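Chain residues, written in single-letter form:
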Amino acid sequence: MAERKTILIDPVTRIEGHSKITLHMDENGNVEDARFHVTQFRGFEKFTEGRPFSEMPSLMARICGICPVSHLIASAKACDALLAVRIPPTAEKLRRIFGIAQVVQSHALSLFHLSSPDILLGMDADPAETNIFGVLAKNPSLARDGIMLRKFGQQIIERLGGKRIHPAWVVPGGVSEPLSQQDRDAILKTIPDALDIAVRSLNWLKQASETLSEEISVFGNFPSLFMGLVRKDGSLTFYDGTLRFVDENGIEVAGNLDPSRYLEFLGEKVEPWSYLKSAYYLPRGFPGGIYRVGPLARLNVVTHCGTPLADKALAEFRQLQQPVPLSSFYYHYARVVEILYCVERIEQLLNDPEILDTHVRAVANPNAMEGVGVAEAPRGTLIHHYKIDENGLIQWVNLIIATGQNNLAMNRSVLQVAKHYVKGDKITHGMLNRVEAVIRAYDPCLSCSTHALGQMALEVQLVNTAGEIVDRVARN
Amino acid sequence: MTPRVLILAYGNPLRSDDGVAWRAAELLRAKLSLADAEIVCTHQLTPELAESAAHVDRVIFIDAANGDKPGQVRCHNDLDQIAGSGSSHWLTPAQLLDLGEVLYGNRPQHFVVSIAGENFEHGDTLSAVVESALPQLVQTVLTLVTSPVCSAT
């Protein structure tokens, strides 16, 4: 009787911790199951218990060094709800700028530094070259564009928040400092170049994707729900609005959902093999309630972006697959459309007559014992939910992060890619790179270390039921 | 003509002595004007800093080190002495300058000023030995801003 085998990819990388993938083979050497394990455990929900609620934004920003701004904003919004205040309009606009500046820098990191090597150099390229230096050797202007877009976003964060990483400028009730005219003008000067780069990047991606039709067809190309925040007019937003679910045909399944009532429509399941919970749409149960969040989902749930260039790009995006783009490869494309939107939107907001107003913070004591804050992080919808006691001390915290909401979809995507590319006993770099690349498309934090410069810490083992290593590939 | 100088102070200020560069940057800001040098504090050397580094005449990296006697201040320009392989998020000083040279066509004069740490555990204060050596570190950097001469070994 033929043996059943398991391919173990360990570590794939980190989500500020570790993860691994196991591919389970049947007796004929075909992949029958795949599991994406996140073995990281951070415990923020527990160790913040007992802390004053006002500390939460700064504490929560430490969850992530890449998108601390999203945690700051979602946390501050939860604290706004505890204070039961309406923050000053200018503070809200400044928070919007802050949030989407981070989207630009995070998306630029994902596309240019992490995924462009796969797209530019090919999925079968030597892993030692699939990094930013490989990109600059083949297409220096693309590498320059990636660097400049990152810098664009980070400089806005630094000008508003005082520093690039873990800024504490967003506070319960608003923001701590108004925007100066000098900073406003300095940011506005950088807009034209950023827009040029975004347009150029979209053109490059469209052309480069033409050679990847096989990957596009199996990189998480399956029906699912999509969820994201939308504004009242149905347009794209990263800050507020209501939640909307659409299905694989683009038909609304649920809309106008109050994000603060997420427990009524979102469920979470814990699997024994991962610390990452799997979120699902409650009315459809588990795992039928699989849904995706993030750039692909956001563009599938909105009616329009709300800025001229992004709306034009969205119209082209919607021609990629009918009735709606389903392949997770198109997360990359959606990211560039969102970069365009963010740059255009930042310009709109900076030109708002109220943007230099100095009233940027509402002050109050807690007026509610429970608060929920929801925002769109670069990787998808982010929910912070706090309960406090009469002294304002945190009693209970629940966080639902984008990576958890995409967990089911990532597992299914890995399975789809593995079934297509992994055959028999031999493991090839190209095969492994595709398994990793589909995870990178979702841009979970674990994509961070998958492109170490020539020293990717990756080991894959093909193990039979007796525990013997049949094949092994290491990238050190 | 006065050289354009960029001071890159990097490390983690929540890891005790690893944050010495940030403390040094505070002291340097009190003594230098923007015309003298641009000072950037950062947790790690990220690729976008390559652009900034390629547009100056001199880059001074300030970092904590280990291996030497705690408090030992060193100044050198041998980037091969600095271990590390880099990643998509951070680069070694040599990689940062390489990237800037390829993309922007300039490799500035460069120096590394380091101080050996004693304690790298969680904390936002420096160990006594590093605190007492901080003035020497700052003086070494100040000298480099005006003259490309290492005043420490």
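Since we're looking at a predicted model, the values are computed, not measured.

## Quick look at the overall build of chain B
For chain B, the count of helices and strands is four helices and five strands. Put simply, chain B runs from its N terminus to its C terminus through helices and strands in the order β-α-β-α-β-β-α-β-α. Whereas a compact globule of 153 residues would reach a radius of gyration of roughly 15 Å, chain B reaches 14 Å, a difference of no more than 12%. For the C-alpha atoms alone, the extent of chain B along its principal axes is close to 40 × 35 × 25 Å. By residue count, 42% of the 153 residues in chain B fall in the buried class. Across chain B, every contact between residues at least 6 apart in sequence was considered, and the portion connecting residues at least 24 apart equals 78%.

## Some details on unusual backbone geometry
Residues and elements named next belong to chain A. Each neighbour pair has its own omega, and for Phe286 with Pro287 the value is 5 degrees, a cis peptide bond. Considering the arrangement of structural elements, one finds Pro287 in the loop between β10 (278-281) and β11 (291-292). With an omega of 0 degrees, the peptide bond between Gln322 and Pro323 qualifies as cis. By secondary structure assignment, the location of Pro323 is in the loop between α10 (308-317) and α11 (330-350). Here the phi dihedral of Asn256 falls at roughly 55 degrees; this positive angle occurs in a residue that is not glycine.

## A look at the confidence of the model for chain B
For chain B, the average pLDDT comes to 89, and 92% of its residues sit at 70 or higher. The element-level mean pLDDT for chain B is lowest in helix α3 (residues 93-104) of chain B, coming to 91, with strand β1 (residues 5-10) of chain B highest at 96.

## Some remarks on the sheet that holds β11(A)
To summarise the sheet geometry, strands pair through backbone hydrogen bonds and adopt either a parallel or an antiparallel arrangement. Residue and element names in this part refer to chain A. Strand order in the open sheet formed by four strands is β8-β7-β6-β11, with mixed pairing between adjacent strands. Strands at the two margins of the open sheet, each flanked by one partner only, are β8 (252-257) and β11. Direction of pairing for strand β7 (residues 242-246) relative to β8: antiparallel, over a ladder of three bridges. Bridging from a neighbouring strand, Leu243 pairs with Leu257 of β8.

## Some remarks on the environment of Val175(A)
Residues and elements named next belong to chain A. Looking at the element boundaries, Val175 is found in strand β5 (residues 174-175). Assessed through the 24 C-beta atoms surrounding it within 10 Å, Val175 is described here as buried. For Val175 and Asp126, which are 49 residues apart along the polypeptide, the C-alpha to C-alpha distance reads 47 Å. Ignoring any residue separated from it by four or fewer positions in sequence, one finds Val175 in contact with Ala91, Leu94, Arg95, Trp169, Val170, Val360 and Arg361.

## Some points on the sheet that holds strand β14 (residues 394-400) of chain A
Residue and element names in this part refer to chain A. In spatial order, the strands read β12-β13-β14; together these three strands make up an open sheet with antiparallel pairing. Taken across any chain shown, the strands that pair with only one partner, and hence form the sheet edges, are β12 (370-377) and β14. Pairwise comparison of adjacent strand axes, ignoring direction, gives a mean angle of 15 degrees for this sheet. Alignment of strand β13 (residues 380-388) against β14, held across six bridges, turns out to be antiparallel. Along β14, the bridge assignment pairs His384 with Leu399. Contacting β12 and β13, helix α3 (residues 68-83) runs over the sheet at an angle of about 150 degrees to β12.

## Some points on helix α4 (residues 89-121) of chain A
All names here are of chain A. With 33 residues, α4 extends 46 Å between its outermost C-alpha atoms, agreeing within 8% with the 48 Å of an ideal straight helix rising 1.5 Å per residue. Where α4 bends most, at Ser115, the angle is about 60 degrees, and the proline Pro117 comes one to four residues later. α4 sits mainly inside the fold: 29 of its 33 residues count as buried. Of the residues flanking the end of α4, it is Gly122, one or two places downstream, whose phi is positive at about 100 degrees.

## Side note on the packing of α10(A) against α11(A)
All names here are of chain A. For the pair α10 and α11, the least separation of the axes is 8 Å and the interaxial angle reads 165 degrees. One element, α10, and the other, α11, form an angle in the roughly antiparallel class. The way α10 lies across α11 gives a crossing that is left-handed. Note on element contacts: α11 touches α10 through Tyr333, Ala334, Val337, Leu340, Tyr341 and Glu344, opposite Pro308, Leu309, Ala310, Ala313, Leu314 and Phe317. Here the contact of α10 with α11 is built from residues that sort into eleven nonpolar, no polar and one charged.

## A look at the nonpolar core
By size, the foremost hydrophobic cluster in this structure holds 179 residues, and its most contacted members are Val337(A), Val414(A) and Ile7(B). Residue contacts for Ile7(B): discarding those within four places in its chain leaves Ala25(B), Leu28(B), Ala37(B), Glu38(B), Ile39(B), Val40(B), Ile60(B), Ile62(B) and Val141(B).

## Some details on the environment of Val141(B)
Residues and elements named next belong to chain B. When you line up the elements, Val141 lands in helix α4 (residues 128-146). By the C-beta count within 10 Å, which is 30 here, Val141 ends up buried. Each C-alpha atom of the pair Val141 and Ala24 lies 9.1 Å from the other, and the pair is 117 residues apart in sequence.

## Side note on the pairing of strand β3 (residues 58-65) of chain B
All names here are of chain B. Here β3 lies mainly inside the structure; seven of its eight residues are buried. The pairing of β1 with β3 spans five bridges and is classified as parallel. In the sheet register, Leu8 faces β3, and the bridge partner there is Phe61. Bridge count for β3 against strand β5 (residues 109-116) is eight bridges, and the pairing is parallel. Counted as the bridge partner of Ala65 is Ala116 from β5.

## Re helix α1 (residues 20-31) of chain B
All names here are of chain B. Between its first and last C-alpha atoms α1 spans 17 Å; for twelve residues at 1.5 Å apiece the expected length is 16 Å, and the two agree. Residues of α1 that are buried include every one of Val20, Ala21, Arg23, Ala24, Ala25 and Leu28, and no others. Residues of α1 that are buried sit in contact with β1, β2 (38-42), β3, β5 and α4.

Definitions and cut-offs
Residues numbered from 1 in each chain as written. Chains lettered and ligands numbered in written order. Predicted model: local features only at pLDDT ≥ 70, side-chain atom pairs only at ≥ 80, totals over all residues. Helix = DSSP H or I, 4+ residues; strand = E, 2+ residues; numbered from the N terminus. Rg over C-alpha atoms; globule rule 2.2 N^0.38 Å. Buried ≥ 20, exposed ≤ 12 C-beta atoms within 10 Å, placed from the backbone. Contact = placed C-beta atoms within 7 Å. pLDDT = per-residue confidence, 0-100. Pairing = 2+ DSSP bridges. Axes fitted to C-alpha atoms, helices over the stretch in contact; angles between N-to-C directions. Expected span 1.5 Å × (residues − 1). Bend = angle between axes of the 7 residues up to and from the residue. Parallel < 35°, antiparallel > 145°, perpendicular 65-115°, else oblique. Left-handed = near helix turned anticlockwise from the far one by under 90°. Nonpolar A, V, L, I, M, F, W, Y, C, P; charged D, E, K, R; others polar. Core = buried A, V, L, I, M, F, W, Y, C linked by C-beta atoms within 7 Å.

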